[in-house]
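Reading the structure
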Amino acid sequence: MGKIIKDTIHANGIDIGIYTRDFENEFISLTDIARYKSDDPTAVIQNWMRNRDVIEFLGLWERLHNQDFKPLEFEGFKKQAGANAFTMSPKKWIEATDAIGIVSKAGRYGGTYAHSDIAMSFATWISPEFQLYIMKDYRRLKTDENSRLSLNWNLNREISKLNYRIHTDAIKDNLIPPELTPAQVAYTYANEADMLNVVLFGKTAKQWKEENPAVKGNMRDVATLNQLLVLANLESYNAVLINQGKNQKERMELLRQLAVQQLQILETVNLNNMPKLEVKQLKLNCNNKINFLKKL
């Protein structure tokens, strides 16, 4: 399970917790949203979940996103919803239906959280005006996040390309004798590049393309930030190992150890805690790294 990334939405004076593991499926605190209406957020959430329309909406969301959702239990709740005696709580809903759209978290940052789709519906029920405040800051959060991810991805991609030049120069100087034909030279370069692909991605470029025929570009074009950063380091390290005269088998073992170690470390890094540099500063940092690498 990936590391939980926490953040906060600020809406009309209310701080609302949000967390994610993949930057695609955010879970927003219903408890914090409910505080806009009452000092007893638990009661507010339970009152919301008593409504038949809400139960139908939650059930539809689960059917679209959760293959383990229990439809029979859901149908039973739907028949009872809206009656005076009907009660519902997040815990009861989760345990009975195996729902994943709403979660209850314990501890310091505990409370009831819901997928952003559900949380926005809840916020509209609380107050349409308040929901607009939430959406405004939520969009701001996503814009900042996308900008940060894009800038850092491009930065690492450029560094990776530069390290590739260092890598190919080491191959040229140490692994390609003058008597090789152009075809043999090309094969040597491709073989070394594919070795890094296997070390980092677990497959060759050809294997990846066969598995993803509709995707434009190559596996490096769709790599994650962490993979690009590790790839850049692998290219530099492999160039060093080539210059040391180590054979490919030895290099693959050492490179694999480095890749596993660095990926594990990077998995613990919270991207939201990275310095939010301006574009000009990122470009300056990139140029500084390029100049440093050219001197190696």
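Above: the structure in question.
The following refers to the structure shown. (Residues numbered from 1 in each chain as written. Predicted model: local features only at pLDDT ≥ 70, side-chain atom pairs only at ≥ 80, totals over all residues. Heavy atoms only, no water.)

**Quick look at the environment of Lys-172**
- Along the chain, the position of Lys-172 falls in helix 7 (residues 128-174).
- Taking the C-alpha atoms as reference, Lys-172 lies 9.1 Å from Thr-188; in sequence the two are 16 residues apart. (Helix = DSSP H or I, 4+ residues; strand = E, 2+ residues; numbered from the N terminus.)

**Digging into helix 2 (residues 41-49)**
- Taken together, the buried positions of helix 2 are occupied by Pro-41, Val-44, Ile-45, Trp-48 and Met-49. Taken down its axis, helix 2 places every buried residue within 130 degrees of arc, on the same side. (Buried < 20%, exposed > 50% of the residue type's maximum accessible area, 1.4 Å probe, protein only. Arc of directions from axis to C-beta.)

**Let's talk about the side chain of Ser-29**
- With respect to the helices and strands, Ser-29 occurs in strand 3 (residues 27-29).
- The class for Ser-29 is buried, based on a relative accessible area of 1%.
- In this structure the side chain of Ser-29 is engaged in a polar contact, spanning 3.4 Å, whose partner is the backbone nitrogen of Thr-31.
- For Ser-29, the contacting residues outside a window of four places in its chain are Ile-16, Gly-17, Thr-112 and Tyr-113. (Polar contact = N/O pair within 3.5 Å; in protein donor to acceptor, adjacent residues only side chain to side chain. Contact = heavy atoms within 4.5 Å.)

**Section: the packing of helix 3 (residues 52-65) against helix 4 (residues 71-80)**
- The geometry of helix 3 relative to helix 4 is characterised by a closest axis approach of 9 Å and an angle of 165 degrees between their N-to-C directions. When the axis of helix 3 is compared with that of helix 4, the two are roughly antiparallel. Judged by the twist between their axes, the crossing of helix 3 over helix 4 is left-handed. Contact with helix 3, carried on its side by Arg-52, Ile-55, Glu-56, Gly-59 and Arg-63, involves Pro-71, Phe-74, Glu-75, Phe-77, Lys-78 and Lys-79 of helix 4 and no other residues of that element.
- Of the residues in the contact of helix 3 with helix 4, the class split is four nonpolar, one polar and six charged. (Axes fitted to C-alpha atoms, helices over the stretch in contact; angles between N-to-C directions. Parallel < 35°, antiparallel > 145°, perpendicular 65-115°, else oblique. Left-handed = near helix turned anticlockwise from the far one by under 90°. Nonpolar A, V, L, I, M, F, W, Y, C, P; charged D, E, K, R; others polar.)

**Digging into the nonpolar core**
- Ile-16, Ile-28, Ile-33, Trp-48, Trp-93, Phe-122 and Ile-134 are the most contacted members of the largest nonpolar core, which totals 38 residues.
- At the level of secondary structure, the elements contributing two or more residues to this core comprise strand 1 (5-11), strand 2 (14-20), helix 1 (30-34), helix 2, helix 3, helix 4, helix 6 (116-126) and helix 7.
- Looking at this core, the element that brings in the most residues is helix 6, giving six residues.
- Sequence-distant contacts of Trp-93, defined by excluding residues within four places in its chain, comprise Met-49, Ile-55, Leu-58, Gly-59, Glu-62, Phe-69, Phe-74, Phe-77, Met-88, Asp-98, Ala-99 and Ile-102. (Core = buried A, V, L, I, M, F, W, Y, C linked by side-chain atoms within 4.5 Å.)

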